[in-house]
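Examination of the molecular architecture
Here's the letter readout for the chains.
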Amino acid sequence: MKKDNCIFCKIANGEIPSRTVYEDEKFRVILDMGPATRGHALVLPKEHFDDLYEIPADWAADAFKVGRQVAASMKEKLGTDGINLVQNNGEAAGQTVMHFHLHLIPRYRGDGAHILWKPTSPSAEELDAVLAQIIG
Ligand code: AMP
Ligand code: ZN
């Protein structure tokens, strides 16, 4: 189902024009208007799901399949050296548009884009504690 007043519902379903790089019956892939790198794109489901917690497993799997296909095409056509797939959920994780989307962020050697995290150094006890909490 679409959600009223959701900009990505409108873009995904063609009610608002976008720079579409791929489309099928379930997804539209558009260029991000504030790209981290050249070719940064977003995989948008045409149905509304807020985030990873809401999207059904088959849609999530299909979003990844579409991402994989577009990544391959970017490698060939843009000459990318790599790609980051990023998917933010919740404000705390940096999600600003509350309609599930998968970022495809092409990478070029020496592009200087800031995508990845800074590693921390937890103790063995802390790692054991979080493991116990997750699997317990
Ligand atoms: P996130 O922070 O993961 O929610 O990502 C939202 C992304 O959507 C950002 O990278 C924005 O630049 C992008 N964005 C927001 N509105 C639009 C729009 N109308 N067209 C294209 N990209 C958009
Ligand atoms: Zn939506």
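Structure shown above.
Residues numbered from 1 in each chain as written. Chains lettered and ligands numbered in written order. Predicted model: local features only at pLDDT ≥ 70, side-chain atom pairs only at ≥ 80, totals over all residues. Heavy atoms only, no water.

As for the coordination of the zinc ion (ligand 2)
Octahedral metals with six donors have ideal donor angles of 90 or 180 degrees. Tetrahedral metals with four donors have an ideal donor angle of 109.5 degrees. At the metal site, the zinc ion (ligand 2) is ligated by Cys6 (SG), Cys9 (SG), His48 (ND1) and His99 (ND1), and these contacts range over 2.0 to 2.3 Å. One can describe the site at the zinc ion (ligand 2) as tetrahedral: its four donor atoms subtend angles covering 105 to 115 degrees at the metal. All donor residues of the zinc ion (ligand 2) come from one chain, and their arrangement in sequence is C-x2-C-x38-H-x50-H. We classify Cys6 as buried; its relative accessible area is 8%. Relative accessible area serves as the criterion here: at 2%, Cys9 is assigned to the buried category. (Donors = N, O, S within 2.8 Å, 3.2 Å for Na, K, Ca; no water. Tetrahedral: all angles 85-135°; square planar, octahedral: opposite > 155°, others 65-115°. Buried < 20%, exposed > 50% of the residue type's maximum accessible area, 1.4 Å probe, protein only.)

Some points on the layout of surface pockets
When its volume is computed, the largest pocket comes out at roughly 490 Å³. Taken together, 22 residues make up the lining of the largest pocket; nearest its centre are Phe8, Asp32, Met33, Leu42 and Val97. Those elements giving two or more residues to the lining of the largest pocket turn out to be α1 (7-12), β2 (27-31) and β5 (102-107). Class assignment of the residues belonging to the lining of the largest pocket gives a composition of twelve nonpolar, eight polar and two charged. The computed volume of the second largest pocket comes to approximately 170 Å³. Lining the second largest pocket are Val21, Tyr22, Leu31, Gly39, Gln69, Val70, Ser73, Met74, Lys77 and Leu78. Among the secondary structure elements, those contributing two or more residues to the lining of the second largest pocket are β1 (20-23) and α2 (57-78). In terms of residue count, the dominant contributor to the lining of the second largest pocket is α2 (six residues). (1 Å grid on protein atoms, 1.4 Å probe; cavity = no way out; pocket = protein on both sides within 12 Å on 5 of 7 lines; lining within 4 Å. Points joined across faces, edges and corners; volume = space filled by probe spheres on them. Helix = DSSP H or I, 4+ residues; strand = E, 2+ residues; numbered from the N terminus. Nonpolar A, V, L, I, M, F, W, Y, C, P; charged D, E, K, R; others polar.)

Bear in mind that shape data such as this cannot, by itself, settle questions of function.
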